[in-house]
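Here is what each chain is made of, one letter per residue.
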Amino acid sequence: MENNEINNSELETMRAQIALLKDKLDKETIVSDKLLRDTMQHKAKSINTTAWIGITASIFVIFSALTTLRSLGFSWWFIAATILMMLVCDFFTWKYHKDVNAKTMSGDLVTVAKVMKQLRDNYQKWLKYGIAMSIVWLVWLSIEYYIQLKDWKLTITIIIATLIGGGIGGFIGWKMHKSVIRNAEEIISQIEESEENDEE
């Protein structure tokens, strides 16, 4: 009889300890999930901030094309091509970032990972198109300058100054580009680690 009571007491103690352990694990899972979500939201915000900076810069370029370039006597063809190039960049920025939002980041992790992988891949593909457009635009810009100035030496001086400014802008753009890819890859990595921990 006493043995049964001892066994029952030990069993109840074990059940209580298991319940406490389960409760503790559940709380840790909730905290871990919240930390993961908070981190993802922060990185997604950083990714979209980069997109807004790019769009703001394109608006400035469009405004400059309509005012400064026109006042310098540049052709309407070049101005229109510059504006079109900026609008194309804005369109693809919107397209690449449209699913990086609070609703997606709060959804299931498989969808979040898929969106981030697509964003990363799109950014990696876009780089070659962006470089090609920039080269064509710079060559055309040089021709436009020469047409207006009719002086190779002055044209070369201005082009060198433009290339220096463009190089600085390009470096900033490259850093922003890499930042988006890095943040996307970190989100993917965190999701994969979380899924591995859940499987264990």
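This text goes with the structure placed above it.
Report follows, based on the coordinates. Predicted model only: the values in this text are computed from it and were never measured.

**Observations concerning the overall build of the protein chain**
Along its length, the protein chain carries five helices and zero strands. Starting at the N terminus and ending at the C terminus, the protein chain contains elements arranged as α-α-α-α-α. Relative to its full complement of 200 residues, the protein chain shows a buried share of 27%. Entry remark: accessible area of the protein chain is about 13900 Å², with carbon and sulfur atoms responsible for 65%.

**Structural notes on the environment of His177**
Inspection of the secondary structure puts His177 in helix 5 (residues 152–199). The class for His177 is buried, based on a relative accessible area of 9%. His177 sits 57 residues away from Arg120 along the chain, and the two C-alpha atoms are 9.7 Å apart. Those residues in contact with His177, other than ones at most four positions away along the chain, are Tyr123, Gln124 and Leu127.

**Details of the layout of surface pockets**
If a probe as big as a water molecule is rolled over the atoms, it shows which places are left empty. Of the pockets and cavities examined, the largest pocket occupies roughly 1600 Å³. As for the largest pocket, its lining consists of 45 residues, of which Met86, Ser134, Gly169, Gly170 and Gly173 are closest to the centre. At the level of secondary structure, the elements contributing two or more residues to the lining of the largest pocket comprise helix 1 (2–71), helix 2 (76–97), helix 4 (109–149) and helix 5. Grouping the constituent residues of the lining of the largest pocket by class yields 27 nonpolar, 17 polar and one charged.

**A word on the nonpolar core**
Core analysis: the biggest nonpolar cluster contains 21 residues, and Met40, Met116, Leu119 and Ile187 have the highest contact counts within it. Here the element with the most residues in this core is helix 4; it accounts for eight residues. Leaving out residues up to four positions away in the same chain, Ile187 has contacts with Met40, Lys43, Ala44, Ile47, Met105, Val112 and Met116. Among the nonpolar cores identified, the runner-up in size contains twelve residues, and Ile62, Leu69, Leu141 and Ile159 belong to it.

**Section: unusual backbone geometry**
Even without being glycine, Lys150 reaches a positive phi, approximately 55°. Structurally, the position occupied by Lys150 is in the loop between helix 4 and helix 5.

**Notes on the packing of aromatic side chains**
Aromatic ring pairs are defined here through the distance separating the ring centres and the angle between the ring planes. As enumerated under the stated definition, the model contains eleven aromatic pairs in all. Summarising the aromatic geometry, the rings of Phe74 and Phe78 are spaced 5.7 Å apart at their centres and angled 55° between planes, so their arrangement reads as tilted. Given the relative accessible area of 1%, Phe74 is considered buried. For Phe78, a relative accessible area of 0% translates into the label buried.

Cut-offs used in this document
- Residues numbered from 1 in each chain as written.
- Predicted model: local features only at pLDDT ≥ 70, side-chain atom pairs only at ≥ 80, totals over all residues.
- Heavy atoms only, no water.
- Helix = DSSP H or I, 4+ residues; strand = E, 2+ residues; numbered from the N terminus.
- Buried < 20%, exposed > 50% of the residue type's maximum accessible area, 1.4 Å probe, protein only.
- Areas by Shrake-Rupley, 256 points an atom, 1.4 Å probe, with all protein chains shown as cover.
- Contact = heavy atoms within 4.5 Å.
- 1 Å grid on protein atoms, 1.4 Å probe; cavity = no way out; pocket = protein on both sides within 12 Å on 5 of 7 lines; lining within 4 Å.
- Points joined across faces, edges and corners; volume = space filled by probe spheres on them.
- Nonpolar A, V, L, I, M, F, W, Y, C, P; charged D, E, K, R; others polar.
- Core = buried A, V, L, I, M, F, W, Y, C linked by side-chain atoms within 4.5 Å.
- Phe/Tyr/Trp six-rings, centres within 6.5 Å; stacked < 30°, edge-to-face > 60°.

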